[in-house]
Amino acid sequence: MQTSTRSKIQMFGAWCGIFYVVGLILGWAVIAGFIPPHHPYAGPGEIALIYKEHLLRIRIGMVITMFGAMIIIPFSAVIGEFVTRIEGRAGVLTYTALLGGAGTMVLTFYPAIWWLVAAYRPERAIDLVYLYNDTAWLQLLGGVTLFFALPGSIAVAAFTDTSANPTFPRWAGFLNIWVILIIVPDQLIFFFHSGPFSWNGLFGLWLPFAIFGAWFLVTFLHLRQAILRERLVA
C-alpha cells in the first residue's frame, strides 16, 4: 500500500473518534431525548409513558447510536497501530487497546438494543419496559469499565515510549490515568437512585460523559499530529 493511501486511511480512522462522539450525542442525547435523563426513581408507569409519547424518536435515535458504535472500530485500530510501533510488535498493549475499542463498541451498541426492545412493543407490560430501560441505562453508564482498556493501554504506552517524537507524550500518560480515576466513581450508580452518584447525577452521568468526550478529542489530536508528522517525513 502506498504511503499516501495508508496515511489517508489512518487519518480517516482518527476522525472516526470524533464521528463516534457526534453520533452518540446526536442519536442518544438529541434525537432520542435521553439528555437530560429521567430520574432513576421514576416508576414503571412514568417510564412507559415516555416510550409511548416519544416512540419514533427513541427508535430513530437508537438506530443512529448503533451505527455510531460501529465507527469506533477504525479509531481503535489506529490507536492499536501506533501502540504497536511503541511496543515494537503487536503485544499486550496493542491487544488491550483493540479489545478496549471492541468493548466500547459493545458498551454503546447493546444499550441501544435494549432501548429499542423497550420501544418495539410499547403495549407490553409496563414492568418489562421498566426492566429494559433500567438495563440500558445501567449498562451504558455502569459498563464504562470496558472503555478503561483504551486509556489504560495509552497511558502505559506513553510512559514506555522512548522515541524522539512520541505519539503520546508523557503528560498524556498521566492524563489517561486521570480519565480513568475521574470516571470510576460512576460505578456507584448501581447503589443510588438519586443524588450525585445516580445515573442522572454529577458523578454518575455529567462528569463521566464530559471526560469521555474530551478523551476522544485529545486522543484524536495526538493521532492527527502523529499522522501529519509522518507525512512530512515520507
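Basis of the calculations
- Residues numbered from 1 in each chain as written.
- Predicted model: local features only at pLDDT ≥ 70, side-chain atom pairs only at ≥ 80, totals over all residues.
- Heavy atoms only, no water.
- Helix = DSSP H or I, 4+ residues; strand = E, 2+ residues; numbered from the N terminus.
- Rg over C-alpha atoms; globule rule 2.2 N^0.38 Å.
- Buried < 20%, exposed > 50% of the residue type's maximum accessible area, 1.4 Å probe, protein only.
- Contact = heavy atoms within 4.5 Å.
- Areas by Shrake-Rupley, 256 points an atom, 1.4 Å probe, with all protein chains shown as cover.
- Core = buried A, V, L, I, M, F, W, Y, C linked by side-chain atoms within 4.5 Å.
- Expected span 1.5 Å × (residues − 1).
- Bend = angle between axes of the 7 residues up to and from the residue.

### Topic: the overall build of the protein
Then comes step 1: In terms of regular secondary structure, the protein is built from 8 helices and 0 strands.
Then comes step 2: The order of helices and strands in the protein, counted from the N terminus, is α-α-α-α-α-α-α-α.
Then comes step 3: At 19 Å, the protein has a C-alpha radius of gyration in line with the 17 Å of a compact globule built from 234 residues.
Then comes step 4: Its C-alpha atoms put the protein at 60 × 35 × 25 Å along the principal axes.
Then comes step 5: Looking at the 234 residues of the protein, the share that counts as buried comes to 45%.
Then comes step 6: In the protein, the proportion of contacts linking residues at least 24 apart, taken out of those at least 6 apart, comes to 78%.
Then comes step 7: Summed over its atoms, the accessible surface of the protein is roughly 11,300 Å², and 71% of this surface lies on carbon and sulfur atoms.

### Side note on the environment of leucine 140
Then comes step 1: Mapped onto the elements, leucine 140 comes out in helix H5 (residues 126-142).
Then comes step 2: Between the C-alpha atoms of leucine 140 and tyrosine 41, which are 99 residues apart in sequence, the distance is 17 Å.
Then comes step 3: Excluding residues that lie within four positions of it along the chain, leucine 140 makes contacts with Trp28, Leu107, Thr108, Pro111 and Trp115.

### Some points on the side chain of histidine 222
Then comes step 1: Note on placement: histidine 222 falls in helix H8 (residues 202-233).
Then comes step 2: Each residue touching histidine 222, except ones within four places of it in the same chain, is listed here: Thr167, Phe168, Pro169, Trp171 and Ala172.

### Points about the nonpolar core
Then comes step 1: Among the nonpolar cores identified, the biggest contains 61 residues, and Trp28 and Phe147 are the most heavily contacted of them.
Then comes step 2: Going through the elements one at a time, helix H1 (3-31), helix H2 (44-53), helix H3 (55-87), helix H4 (92-120), H5, helix H6 (149-160), helix H7 (170-183) and H8 are the ones with two or more residues in this core.
Then comes step 3: In terms of residue count, the dominant contributor to this core is H3 (11 residues).
Then comes step 4: Sequence-distant contacts of tryptophan 28, that is, excluding residues within four places in its chain, are made with Gly23, Gly33, Phe34, Ile35, Gly61, Met62, Thr65, Trp115, Trp137, Leu140, Leu205 and Phe209.

### Observations concerning H8
Then comes step 1: When the terminal C-alpha atoms of H8 are compared, their 45 Å separation across 32 residues agrees well with the 46 Å that a helix rising 1.5 Å per residue should span.
Then comes step 2: Of all bends in H8, the biggest is about 30°, found at proline 208.

### Here's the deal with the side chain of asparagine 200
Then comes step 1: The residue asparagine 200 is located in the loop between H7 and H8 in this model.
Then comes step 2: With a relative accessible area of 19%, asparagine 200 lands in the buried category.
Then comes step 3: Not counting chain neighbours up to four residues away, the residues in contact with asparagine 200 comprise Pro37, His38, His39, Pro40, Leu205 and Trp206.

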